[in-house]
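# Coordinate inspection notes
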Amino acid sequence: MKFNSHLFMVFLGILLVSFNLRAPITSVGPITDLIQNEYSLSNSVAGLITTLPLLAFAIFSPFVAKMNHKFGHGLTMLGGLILIIIGELVRSYTNVYGLFIGTMFIGLGIAIGNVLIPSVIKHKFKKNVGNIISIYITSMCIFAALGAGISIPATNVLGWNTSLAMWGILAFIALLIWLPQLKKSEEYNNNDDLAIEKRIQSKTIWKSPLAWWVTLYMGTQSFLFYTLIAWIPSIIIFKGLDSHFAGMMALLFQLVALPATLLVPIIANKIKHQKLIATIISLNYLAGMVIFLFVTSSFGIIISMVFIGIGMGGAISLAIGFITQRTPHAKKAAELSGMSQSAGYLLAAVGPILLGFMFDITKSWTSSIIVLIVAIILLILFGLKAGRAEVTHH
């Protein structure tokens, strides 16, 4: 096969962008207590640190497909990376207002990557969508795990401000790698996709029942993921274990997720419907969460994190996979990506604040974990609906 330097640079760009789509958020969870103490924040307000990016995803995602159509994927993604870099600096080195303003900027930048990358993959790698999505999601999750895992050690050496700001270096490297796409962006709007779009005479995707099932699946798995990222260390500490162990568990359940993120998109892309695989994923998730509800020993928590990690990794990768599998071409994939990540993340944004508020009221995490168990049961239903072998033409 002839080496294609353009596709290689697109792939490298996707890889570097993926490193920046979760780590700036996951790095906050293990040091939330330190930030709370410095700024005297309640659990409910501290939950906003995780929730604000999700609100940014929800508000901004529907506009990304239109920006991409107008400016091309090169310039649009470049703007997203610049927002992430500015956000990192403002969040870390200003004050309590800057903490939230910078976090919002980071969320806006990540929203662009979240929506854009699945569409770029479908457009540029038509014959290898499953494989590229597998690498993209796995890379994203590796750095999500690193964000959680090195947060406390980095804070011990650099202080929490610089430990969060250092992720801006990674965004800057991604920006440099992405620069060649500025010259290639116009290709997105000059291909067969637009001819297909005219023939289909598409309606708005927001009227598609299938698109809504994909959106509900995306939203529920995001609700679970971001809530766990925000509060798992605090829940484990509440169960009587130390902060070092809690930080390691935040790393463990994300590392355990990696085999699932690697394998699920490849498998899902080779089968007609994904109902069975969606159910298996959710049952692992459910088993882990039920165990986590009852255990207090370190061994029991480790077992629960393994099952939760498998379920989480599979659900994330399947949610992204649905965007490409349930759409006929790249332009429609961008629209479904924008819809699912807008309405979906609006649902997800409720999680960290809701559970923090419930703890403030009850002084216990039990009811919060029960909410997560109910969410996983709903995830099974949504997976059965979104996993049908259909394509939306709305």
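Everything here concerns the structure above.
The rules behind each value
Residues numbered from 1 in each chain as written. Predicted model: local features only at pLDDT ≥ 70, side-chain atom pairs only at ≥ 80, totals over all residues. Heavy atoms only, no water. Buried < 20%, exposed > 50% of the residue type's maximum accessible area, 1.4 Å probe, protein only. Helix = DSSP H or I, 4+ residues; strand = E, 2+ residues; numbered from the N terminus. Arc of directions from axis to C-beta. Contact = heavy atoms within 4.5 Å. Axes fitted to C-alpha atoms, helices over the stretch in contact; angles between N-to-C directions. Parallel < 35°, antiparallel > 145°, perpendicular 65-115°, else oblique. Nonpolar A, V, L, I, M, F, W, Y, C, P; charged D, E, K, R; others polar. Salt bridge = Lys/Arg side-chain N within 4 Å of Asp/Glu carboxyl O. Core = buried A, V, L, I, M, F, W, Y, C linked by side-chain atoms within 4.5 Å. Phe/Tyr/Trp six-rings, centres within 6.5 Å; stacked < 30°, edge-to-face > 60°. Lys NZ or Arg CZ within 6 Å of the ring centre and 35° of its normal.

### Points about helix H3 (residues 32-39)
Those residues of H3 not exposed but buried are Thr32, Ile35, Gln36 and Tyr39. All buried residues of H3 lie within an arc of 100° about the axis, which places them on one face of the element. Buried residues along H3 sit against helix H4 (43-93), helix H5 (96-124) and helix H8 (160-165). Immediately beyond the C-terminal end of H3, within one or two residues, lies Ser40, with a positive phi of roughly 55°.

### So, the side chain of Thr324
Locating Thr324 in the fold gives a position in helix H14 (residues 298-325). Among all residues touching Thr324, those that are not within four sequence positions of it are Pro118, Lys122, Val129 and Ile133.

### Details of the packing of helix H13 (residues 275-294) against helix H16 (residues 366-386)
Between H13 and H16, the least distance of the axes is 9 Å, while the angle of their chain directions is 170°. Comparing the axis directions of H13 and H16 gives the class roughly antiparallel. Mapping the contact onto sequence places Lys275, Ala278, Thr279, Ser282, Leu283, Tyr285, Leu286, Met289, Val290, Phe292 and Leu293 in H13 and Thr366, Ile369, Ile370, Leu372, Ile373, Ile376, Ile377, Leu379, Ile380, Gly383 and Leu384 in H16. Within the contact of H13 with H16, the residues separate by chemical class into 17 nonpolar, four polar and one charged.

### Digging into the pattern of salt bridges
For the coordinates displayed, the defined rule picks out three salt bridges. We note a salt bridge from Glu335 to Lys332, for which the minimum N-O separation is 2.8 Å. Remark: Lys332 and Glu335 occur in helix H15 (residues 330-362); sequence separation between them is three residues, near one turn of the helix. Among the salt bridges present, the one from Glu390 reaches Arg388, with a minimum N-O distance of 3.9 Å. The exposure class assigned to Arg388 is partly exposed, which follows from its relative accessible area of 25%.

### Side note on the nonpolar core
Core analysis: the largest hydrophobic core is formed by 106 residues, its most contacted members being Tyr285 and Met289. If near-sequence neighbours (up to four positions away) are discounted, Tyr285 is found in contact with Leu224, Phe225, Leu228, Phe307, Ile308, Gly311, Met312, Ala315, Ile376 and Leu379. Counting 11 residues, the second-largest nonpolar core is a separate cluster that includes Val28, Ile35, Leu41 and Ile49.

### Re the packing of aromatic side chains
In the structure shown here, the tally under the stated rule is 12 aromatic pairs. Relative to Tyr226, the ring of Phe225 lies with its centre 4.9 Å away and its plane at 85°, an arrangement referred to as edge-to-face. Residue Phe225 shares its accessibility class with Tyr226, and that shared class is buried. Taking 5.5 Å as the distance between ring centres and 90° as the angle between the ring planes, the aromatic pair formed by Phe238 and Phe359 counts as edge-to-face. In this pair, Phe238 is assigned in helix H11 (residues 209-238) and Phe359 in helix H15, connecting sequence segments 121 residues apart. Residue Phe359 is classed as buried on the basis of its relative accessible area, which comes to 15%. Here the aromatic residues Phe57, Phe225, Tyr226 and Tyr345 are joined through ring pairs into a cluster of three or more. In this structure, Lys239 is placed above the aromatic ring of Phe292, and the distance from its NZ or CZ to the ring centre is 5.2 Å.

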